[in-house]
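What follows is each chain in one-letter form.
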Amino acid sequence: IEVVPLFLKDMTGELGLHFLASTGRVLAAVCLATLFAAPLGLALGQMPGLDRIFGPLIAIIYPIPKIIFLPVIYVLLGISDFSKITLIAIIIFFQILVVVRDEASSLKKELILSVQSLGAGRRALFKYVYLPASIPAVLTALRISVGTAVAVLFIAEQSLTSYGLGYYIVIELSL
């Protein structure tokens, strides 16, 4: 009974600012990752030859815990919100890429052949077959990726920042 009013009071104050900063970082990272991963996943799923080239590389890089790149990203991009957003985007990029690629490559050949028999080229296949069929996969990947993004955000915000939930939990609550 005492917790909810205290939480609402804090949300209108300092906690609300930290929450907004973290939310902005997560949304920017999700948009950035989706902007690059979804079209690339569609292309790899649509072109088996291209997937044969990049598939092994993705299989090697995907399981690497990308949080280890945080110091490298700080060195290359500086200590800023953009570096934190980039780290989160890199991590969820592969989750989105793999799900969309697998969905695009698993479309039934009969569906593709029937649209091609109507005279559709690669662009029409992309627009009328691959894109609509992959939207559920993109949404599923986003649902999974947002949880990962929040977990990584906590790690990225623990140091070298002055706003965000990670900073608030580690610095402000430990005082």
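Refer to the structure presented above.
Here the structure is a predicted model, which means the values were calculated and not measured.

**Section: the overall build of the protein**
In terms of regular secondary structure, the protein is built from eight helices and zero strands. When its helices and strands are written in sequence order, the protein yields α-α-α-α-α-α-α-α. In terms of C-alpha radius of gyration, the protein reaches 20 Å, well past the compact-globule figure of 16 Å for 175 residues. The dimensions of the protein, computed from C-alpha atoms along their principal axes, are 65 × 40 × 20 Å. Here the protein holds 175 residues, and the buried ones make up 37% of them. The long-range fraction of contacts in the protein, counting pairs at least 24 apart against all pairs at least 6 apart in sequence, stands at 77%. Of the roughly 10,300 Å² of accessible surface on the protein, a fraction of 73% belongs to carbon and sulfur atoms. Taking the 12 positively charged and 10 negatively charged side chains of the protein as two groups, their mean positions are separated by 16 Å.

**Side note on the nonpolar core**
If you look at the biggest cluster of nonpolar residues, it comprises 39 residues, and the most contacted ones within it are L87, I88, I96, L97 and Y130. Counting only elements with at least two residues in this core, the list comes to helix 2 (14–46), helix 4 (70–77), helix 5 (81–105), helix 6 (109–117) and helix 7 (122–156). Ranked by residue count, the leading element in this core is helix 5, at 13 residues. For L97, the contacting residues outside a window of four places in its chain are A37, L40, G41, L44 and I58.

**Re the packing of aromatic side chains**
The final tally for this structure, using the stated rule, is one aromatic pair. The interplanar angle of 90 degrees and the centroid separation of 5.1 Å between the aromatic rings of F93 and F94 together place this pair among those described as edge-to-face. Each member of the pair, F93 as well as F94, carries the same accessibility label: buried.

**Focus: the packing of helix 5 against helix 7**
One way to put it is that helix 5 packs onto helix 7 with a least axis distance of 8 Å and a crossing angle of 150 degrees. Looking at the two axes, helix 5 sits roughly antiparallel to helix 7. Considering how the two elements wind past one another, helix 5 and helix 7 form a crossing that is right-handed. Partitioning the contact of helix 5 with helix 7 into residue classes produces 19 nonpolar, four polar and two charged.

**Points about the packing of helix 2 against helix 5**
Helix 5 packs onto helix 2 with a crossing angle of 30 degrees between their chain directions and a minimal axis gap of 6 Å. Here helix 2 and helix 5 pass one another in a crossing that is right-handed. When its residues are assigned to classes, the contact of helix 2 with helix 5 shows 20 nonpolar, four polar and four charged.

**Some points on helix 4**
Within helix 4 the residues assigned to the buried category are L70, I73 and Y74. Buried residues of helix 4, seen end-on, are gathered within an arc of 100 degrees and therefore sit on one face of the element. Seen from the open side of helix 4, the exposed residues pointing more than 90 degrees away from its buried face are P71, V75 and L76. Packing partners of the buried residues in helix 4 comprise helix 5 and helix 7. Just downstream of helix 4, G78 is the residue with a positive phi angle, here 85 degrees.

What counts, and where the lines are drawn
- By convention here, each chain's residues receive numbers from 1 onward along its written sequence.
- Owing to the predicted nature of the model, reporting of local features is limited to residues with pLDDT of at least 70; listing and counting of side-chain atom pairs is limited to 80 or more, with chain, interface and lining totals taken over all residues.
- To get the side-chain values, take all heavy atoms of the structure and skip hydrogens and water.
- Here a helix means four or more residues in a row that DSSP labels H or I, a strand means two or more in a row labelled E, and each is numbered from the N terminus.
- Our radius of gyration looks at C-alpha atoms and nothing else; its globule reference is 2.2 Å times the residue count to the power 0.38.
- For every residue, the accessible area (1.4 Å probe, protein chains only) is compared with the maximum for its type, and the residue is labelled buried under 20%, exposed over 50%, or partly exposed between those bounds.
- In what follows, a contact means two residues having at least one pair of non-hydrogen atoms within 4.5 Å.
- With residues, only the protein chains shown are counted as cover, and all accessible areas are computed by Shrake-Rupley using a 1.4 Å probe.
- Under this rule, positive means Lys or Arg and negative means Asp or Glu; His and the chain ends count for nothing.
- To locate a charge, take atom NZ for lysine, CZ for arginine, CG for aspartate or CD for glutamate.
- Remark: nonpolar core denotes a set of buried residues (Ala, Val, Leu, Ile, Met, Phe, Trp, Tyr, Cys) joined through side-chain atoms within 4.5 Å.
- Working definition: a ring pair exists when centres of Phe, Tyr or Trp rings (six-membered ring for Trp) sit within 6.5 Å. Plane angles under 30 degrees give stacked, over 60 give edge-to-face, the rest tilted.
- Lines fitted to C-alpha atoms define the axes here, with helix axes fitted over just the stretch in contact, and angles between the N-to-C directions of these axes take values from 0 to 180 degrees.
- Small angles under 35 degrees read as roughly parallel and large ones over 145 as roughly antiparallel, with 65 to 115 read as roughly perpendicular and the rest as oblique.
- Whether a crossing is left-handed or right-handed is set by the direction in which the near helix is turned from the far one by less than a right angle, anticlockwise for left-handed and clockwise for right-handed.
- Residue type decides the class: Asp, Glu, Lys and Arg count as charged, Ala, Val, Leu, Ile, Met, Phe, Trp, Tyr, Cys and Pro as nonpolar, and the leftover types, Gly among them, as polar.
- Comment: arc refers to directions from the helix axis out to C-beta atoms.

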